[in-house]
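# Chains, contacts and geometry: an overview
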Amino acid sequence: MANALHNAAISRVMFGDQYSISRCVVPSLSTLPLRAMHKGKHVELNRTVMVVKAKTNSDFDDSDVDISLSHRVNAVKLSKTLSICDHATALLQAGVPVIRLFFGESDFDTPGAIAEAGMNAIREGYTRYTPNAGTLELRQAICHKLKEENGITYSPDQIVVSNGAKQSIVQAVLAVCSPGDEVIIPAPFYVSYPEMARLAHATPVILPSHISSNFLLDSKLLEANLTERSRLLILCSPCNPTGSVYSKKLLEEIAQIVAKHPRLLVLSDENYEHIIYAPATHTSFASLPGMWDRTLIVNGLSKTFAMTGWRLGYIAGPKHFVAACEKIQSQFTSGASSISQKAGVAALGLGYAGGEAVSTMVKAFRERRDFLVESFREMDGVKICEPQGGFYVFLDFSSYYGREAEGFGVIENSDSLCRYLLDKGLVALVPGSAFGDDTCIRISFAESLTTLKTAVERIKKALIPLSSSALV
Ligand code: PMP
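Residues numbered from 1 in each chain as written. Predicted model: local features only at pLDDT ≥ 70, side-chain atom pairs only at ≥ 80, totals over all residues. Heavy atoms only, no water.

### Some remarks on the site of the ligand
- In the neighbourhood of the ligand, 14 residues make up the surrounding shell, with Ala165, Asn240, Asp269, Tyr272 and Lys303 lying closest.
- In this structure, an oxygen atom belonging to the ligand sits 3.2 Å away from a side-chain N or O atom of Asn271.
- Within the contact set of the ligand, a nitrogen atom lies 2.6 Å away from a side-chain nitrogen or oxygen of Lys303.
- Contact with the protein chains hides 93% of the accessible area of the ligand, taken as 400 Å² for the molecule alone.
- More than half of the atoms of the ligand fall within 2 Å of the grid points belonging to the largest pocket.
- In terms of residues, the shell around the ligand owes the most to one element, helix 6 (residues 165–176), which gives 3 residues.
- Taken together, the residues of the shell around the ligand break down into 6 nonpolar, 4 polar and 4 charged. (Near = heavy atom within 4 Å. Polar contact = N/O pair within 3.5 Å; in protein donor to acceptor, adjacent residues only side chain to side chain. Areas by Shrake-Rupley, 256 points an atom, 1.4 Å probe, with all protein chains shown as cover. 1 Å grid on protein atoms, 1.4 Å probe; cavity = no way out; pocket = protein on both sides within 12 Å on 5 of 7 lines; lining within 4 Å. Sits in = over half its atoms within 2 Å of the grid points. Helix = DSSP H or I, 4+ residues; strand = E, 2+ residues; numbered from the N terminus. Nonpolar A, V, L, I, M, F, W, Y, C, P; charged D, E, K, R; others polar.)

This is the structure:
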């Protein structure tokens, strides 16, 4: 009991009064392990172990259940885009007319021919498990696409189809990274990359880039940060969140650096390949001299074909690595949906770069991009870099930080600016902090032009009181 009181005192010192000790789990002080729980995390505790739980966790208040979670899950953050989505959706459900511009999802419907192929699959009873790596028909269609559009040769056994590109990426990270390895991630980055590295117990190494250089990775910075621990470089072009597109010349420069490091592989996330605005063009990293052997291409159908809910992505690469991804998938999920794979074959059959169905969507995205760029370019205190691909614009609003809004407080960073714009402007956006760049916020233009016009008016109006307020 003396121990319990002692532990309770420590818990108050360490965690304040909102935490309590639910039980002591140690046999004797001398052999005590060193862990305690704090907000679901194990905490080192001076040779005293106890299970501490939040008093607010009513599910477990009087229970003896050890609510500790794995180190793996504790190391990972919840996706910020998903938590903002939940918050804004809750407001909408409460009747607040919020405009949601945080989605990484096209507002278009899946083109009719693709949807029809999915429906036919159901009608024809094509509803059973498929091979773990994906149907041969779809893998052949992917090989054909990679040859025709990217000039790279793969055979079906060098392709694994998954439930979305996200699964393809995490499986690749888990397949090639070991504890202590470094995953090199240019920032701003797609939110999941660092967390995926952490899931593999690898260390994310973030390389910042700047709006003044169109948020492109500085090859000298890359070179300076590569070591024998560097295992994977993740490139994303066109980039979510910045819309930056890597030119062939810059990719060649990067390839020359990569070639000097035999341990280093490249994961090339090409999910937005076809949502690109001329004169920008897409170069697949594996097509560069000497890079095929060490590149894992990830692509998906979510963005290009407005198929987010169908959950279809794939990886292409040397068989040795792809087979490792396949092995992981065989224990996680097995093959992707049979119905979606039939739809995927139809999508890839629409013609070069998705044919007219895709070019019509890209034309609309381009019009929206032009509208946003024009609207924000003329605004004081905002820096913008015109996106060359994707459906996001990543705007530097940092000149508003340090300003105070009546009834809200000080805008400290991208998180508080987003909260402010949600509160006062009823527009939900994603803070740059989620992507590793706190100076910016991300606006998705996967919404109609009419909605975007209303959103811009609301944002501008909400920012007026900030512009006129003094810096604090
Ligand atoms: N990569 C990037 C850069 C993305 O933006 C996304 C989705 N937002 C994904 C991968 C995952 O896409 P999906 O799993 O829907 O194919």
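### Considering the domain arrangement of the protein chain
- By the assigned domains, the protein chain splits into domain 1 (73–107 + 356–466) and domain 2 (112–354).
- The centre of domain 1, based on its C-alpha atoms, is set 26 Å off from the matching centre of domain 2.
- Listed as interface residues are 35 residues of domain 1 and, on the opposing side, 32 residues of domain 2.
- Between domain 1 and domain 2, roughly 2,800 Å² of surface is buried when both sides are summed, and carbon and sulfur atoms account for 63% of that area.
- If you sort the residues of domain 1 by the area they bury against domain 2, Val358, Gln388 and Phe435 come out on top, with a joint share of 20%.
- Taken together, the links from domain 1 to domain 2 amount to 1 salt bridge.
- Our count for the contact surface shared by domain 1 and domain 2 stands at 13 residue pairs in polar contact (both at pLDDT 80 or more).
- Broken down by element, the residue count for the side of domain 1 that touches domain 2 peaks at 8 residues, all from helix 12 (residues 355–377).
- Its residues placed into classes, the side of domain 1 that touches domain 2 shows 18 nonpolar, 8 polar and 9 charged. (Domains from an automatic or database assignment. Contact = heavy atoms within 4.5 Å. Buried area = accessible area lost by both parts, 1.4 Å probe. Salt bridge = Lys/Arg side-chain N within 4 Å of Asp/Glu carboxyl O.)

### Some remarks on helix 7 (residues 192–199)
- With 6 of its 8 residues buried, helix 7 lies for the most part within the structure.
- As for helix 7, its buried residues are in contact with helix 6, strand 7 (182–186), strand 8 (203–207), strand 9 (230–236) and strand 10 (265–269).
- Immediately beyond the C-terminal end of helix 7, within one or two residues, lies His201, with a positive phi of roughly 60°. (Buried < 20%, exposed > 50% of the residue type's maximum accessible area, 1.4 Å probe, protein only.)

### Brief notes about the confidence of the model for the protein chain
- The predicted model of the protein chain averages 88 in pLDDT, with 86% of residues at 70 or higher.
- Note on residues 1–55: pLDDT is under 50 here. Beyond four places in sequence and across chains, it has 104 contacts.
- Two summary scores accompany this predicted model of the complex, namely pTM at 0.87 and ipTM at 0.99. (pLDDT = per-residue confidence, 0-100.)

### Quick notes on the sheet that holds strand 17 (residues 430–431)
- Strand order in the open sheet formed by 3 strands is 13-18-17, with antiparallel pairing between adjacent strands. Of all strands in the sheet, those bounded by a partner on one side alone are strand 13 (392–396) and strand 17.
- Sheet contacts for helix 13 (residues 414–425): strand 17 and strand 18 (440–444); angle to strand 18, the most-contacted strand, approximately 45°. (Pairing = 2+ DSSP bridges. Axes fitted to C-alpha atoms, helices over the stretch in contact; angles between N-to-C directions.)

### So, the sheet that holds strand 7
- Taken in spatial order, the 7 strands line up as 6-12-11-10-9-7-8 in an open sheet, and their pairing is mixed. Among the strands making up the open sheet, the edge pair consists of strand 6 (159–162) and strand 8. Neighbour-to-neighbour, the strand axes of this sheet turn through a mean angle of 20°, independent of strand direction.
- Where strand 11 (residues 295–300) meets strand 12 (residues 313–316), 4 bridges bridge the pair, whose relative direction is antiparallel. Paired with Gly300 across the strands is Gly313, a residue of strand 12.

### Examining the nonpolar core
- Counting 63 residues, the largest nonpolar core has Phe376 and Leu417 as its most contacted members.
- Setting aside residues no more than four positions away along its own chain, Phe376 makes contact with Val382, Ile384, Leu395, Phe397, Ile443, Val456 and Ile459.
- Among the nonpolar cores identified, the runner-up in size contains 46 residues, and Phe189, Tyr190, Phe215 and Val322 belong to it. (Core = buried A, V, L, I, M, F, W, Y, C linked by side-chain atoms within 4.5 Å.)

### Examining the pattern of salt bridges
- One pass over the full model with this rule turns up 16 salt bridges.
- One salt bridge connects Glu273 with Lys145, and the closest N-O pair in it is separated by 2.9 Å. Of the two residues, Glu273 is situated in the loop between strand 10 and strand 11 and Lys145 in helix 5 (residues 136–150); the sequence distance between them amounts to 128 residues.
- Taking relative accessible area as the criterion, Glu273 reaches 5% and is therefore assigned buried.

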